[in-house]
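Notes for the structure review
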Amino acid sequence: MVTKAIIPAGGLGTRFLPATKSLPKEMLPIFDKPAIQYIVEEGVKSGIKSFVVVTGRNKSVIEDHFDVHPELDAFLESKNKSELIEGISKIVATSNFIYVRQKEPLGLGHAVWSAKHVIGNEPVAVFLPDDIIMGKTATMAQLVQVALQEKCNVVAVQEVPMEDVSRYGIIGVRKQFSPNLFQVKELVEKPRVSDAPSNLAIVGRYVLSPKIFDVLEQQHIGTGGEIQLTDAIQELLLSGEKVFAVKIQGERYDTGHPMGLLKANIDYALRHPRHAETILAYLKSLDKDFVVMQGKADALAKPVGSLVL
Ligand code: UTP
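Residues numbered from 1 in each chain as written. Predicted model: local features only at pLDDT ≥ 70, side-chain atom pairs only at ≥ 80, totals over all residues. Heavy atoms only, no water.

What follows deals with the pattern of salt bridges. One pass over the structure, following the stated rule, counts 15 salt bridges. Between Asp214 and Lys116 there is a salt bridge, with its nearest N and O atoms 3.6 Å apart. With Asp214 in helix H8 (residues 211–218) and Lys116 in helix H6 (residues 116–119), this residue pair connects regions lying 98 residues apart in the sequence. The class for Lys116 is partly exposed, based on a relative accessible area of 32%. The closest approach of N and O atoms between Arg252 and Asp131, which form a salt bridge, is 2.6 Å. You can see Arg252 sitting in strand S13 (residues 251–254) and its partner Asp131 sitting in strand S7 (residues 131–134), a full 121 residues away along the chain. For Asp131, a relative accessible area of 7% translates into the label buried. Because the salt bridges share partners, they merge into one network encompassing Arg15, Lys25 and Asp130. (Salt bridge = Lys/Arg side-chain N within 4 Å of Asp/Glu carboxyl O. Helix = DSSP H or I, 4+ residues; strand = E, 2+ residues; numbered from the N terminus. Buried < 20%, exposed > 50% of the residue type's maximum accessible area, 1.4 Å probe, protein only.)

Moving on, we come to the packing of aromatic side chains. Going through the model one piece at a time under the given rule, you end up with five aromatic pairs. For the pair Phe51 and Phe97, a centre-to-centre distance of 5.5 Å together with 15 degrees between the ring planes defines the contact as stacked. A residue pair is termed long-range when its members are at least 10 positions apart, and Phe51 in strand S4 (residues 50–55) and Phe97 in strand S5 (residues 96–101) qualify at 46 residues. With relative accessibility at 17%, the residue Phe97 sits in the buried group. Members of the aromatic cluster, joined through ring pairs, are Phe31, Tyr38 and Tyr268. The ring centre of Tyr38 lies 4.7 Å from the NZ or CZ of Lys33, which sits over that ring. (Phe/Tyr/Trp six-rings, centres within 6.5 Å; stacked < 30°, edge-to-face > 60°. Lys NZ or Arg CZ within 6 Å of the ring centre and 35° of its normal.)

What follows is about the site of the ligand. The full set close to the ligand counts 18 residues, and Gly10, Gly13, Thr14, Gln102 and Gly107 are the nearest of them. At a separation of 3.2 Å, an oxygen atom of the ligand approaches a polar backbone atom of Leu12. Isolated, the ligand exposes 570 Å² of accessible area, and the fraction of that covered by the protein chains is 86%. Taken together, the residues of the shell around the ligand sort by class into eight nonpolar, six polar and four charged. (Near = heavy atom within 4 Å. Polar contact = N/O pair within 3.5 Å; in protein donor to acceptor, adjacent residues only side chain to side chain. Areas by Shrake-Rupley, 256 points an atom, 1.4 Å probe, with all protein chains shown as cover. Nonpolar A, V, L, I, M, F, W, Y, C, P; charged D, E, K, R; others polar.)

The next subject is unusual backbone geometry. Note the cis peptide between Leu17 and Pro18, where omega equals 10 degrees. The topology assignment puts Pro18 in the loop between strand S1 (4–8) and strand S2 (29–30). If you check the backbone angles, Phe31 has positive phi at about 60 degrees while not being a glycine. Topologically, Phe31 is positioned in the loop between S2 and strand S3 (33–34). Given the relative accessible area of 33%, Phe31 is considered partly exposed.

The next point concerns the layout of surface pockets. In this structure, the second largest pocket occupies an estimated 460 Å³ of space. Looking at the second largest pocket, it is lined by 19 residues, and the ones nearest its centre are Tyr38, Lys45, Ile133, Met134 and Gly135. Listed by contribution, the elements that provide at least two residues to the lining of the second largest pocket are helix H1 (35–45), S7 and helix H10 (258–271). It is H1 that provides the largest number of residues to the lining of the second largest pocket, a total of five residues. (1 Å grid on protein atoms, 1.4 Å probe; cavity = no way out; pocket = protein on both sides within 12 Å on 5 of 7 lines; lining within 4 Å. Points joined across faces, edges and corners; volume = space filled by probe spheres on them.)

Below, the discussion takes up the packing of H1 against helix H4 (residues 86–94). Closest axis-to-axis distance for the H1/H4 pair is 11 Å, and the angle between their directions is 55 degrees. Comparing the axis directions of H1 and H4 gives the class oblique. Where H1 crosses over H4, the two elements pack in a sense that is left-handed. For the pair formed by H1 and H4, the contact residues are Gln37, Val40 and Glu41 on the first element and Gly87, Ile88 and Ile91 on the second. Split into classes, the residues belonging to the contact of H1 with H4 amount to three nonpolar, two polar and one charged. (Axes fitted to C-alpha atoms, helices over the stretch in contact; angles between N-to-C directions. Parallel < 35°, antiparallel > 145°, perpendicular 65-115°, else oblique. Left-handed = near helix turned anticlockwise from the far one by under 90°. Contact = heavy atoms within 4.5 Å.)

The subject of this paragraph is the pairing of strand S6 (residues 124–127). Burial along S6 is two-sided: Val124 and Val126 and Ala125 and Phe127, pointing in opposite directions, are all buried. The pairing of S1 with S6 spans two bridges and is classified as parallel. Bridge assignment links Ile6 to a residue of S6, and that residue is Val126. Both S6 and strand S11 (residues 200–208) contribute to a ladder of four bridges, which runs antiparallel. Directly across from Val124, in S11, lies its bridge partner Leu208. (Pairing = 2+ DSSP bridges.)

This is the structure in structure tokens:
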């Protein structure tokens, strides 16, 4: 069983400044829910009972979100509108939330290591809250299944264009078992295109053996001046542990930067049974405007560029 998950949320979110000066990026909404709630929902669907959220300064609203709110409950009940918070109330009632403070944002590997004392000697799921995966099946449920069957570490991967490999951790494949299941030979953090062993990039879902904490404890600062989780998993591999990779099904959104969050919002609305028609009609109306705008592109370029948004 894998029942505990780490959600590293201690980063500074500089790509969203100034929005993230006091607001955690994990709380930025995709349509009507904060990004981190999608992650927790995927966790619940995958059998996770306890979420260890690694936080830092200015992150306390995450704790408020995953907590009871009796005044709001009473107010919504009096207005017959309790369904507005039904989903989050159920999560709060049935899951445990534990918060660990990362004293300094020294990287993803360090954030995961910070949760060591609450995980114990059992495999743990790790979710990066920036990676939102919309699809029919819960990605983490697939990873957990492979981890239990093969008694191994598992990472989620996605094919990326070769020219983008240096933005990701990349796996080399030892053996392919099916179109979506691989045994991993090596993991390289942000390789140059010429050094990349494949174009299979690690995305933010992992199931890791508890040995990862010992490896992270010994880990030195890696690529980008941070303690890298990919480097630690590579160490696990070298120490004789098996690592498998599962290719994700569904659409992944990197909501760690404004354009990715915007795309996730649009696509979510387009899939929403009640709102799809409205957003589609709106996008179509933009398309007409866009054709007009293209005709005047030069004239428009300046005013649009100088608009204060
Ligand atoms: P990112 O590098 O995408 O997040 O880390 P960041 O550092 O907050 O973002 P930018 O680059 O400044 O915009 C991926 C995840 O790991 C967490 C982040 O909160 C994010 O969810 N993280 C990162 C930590 O918890 N601690 C860290 O030291 C670094």
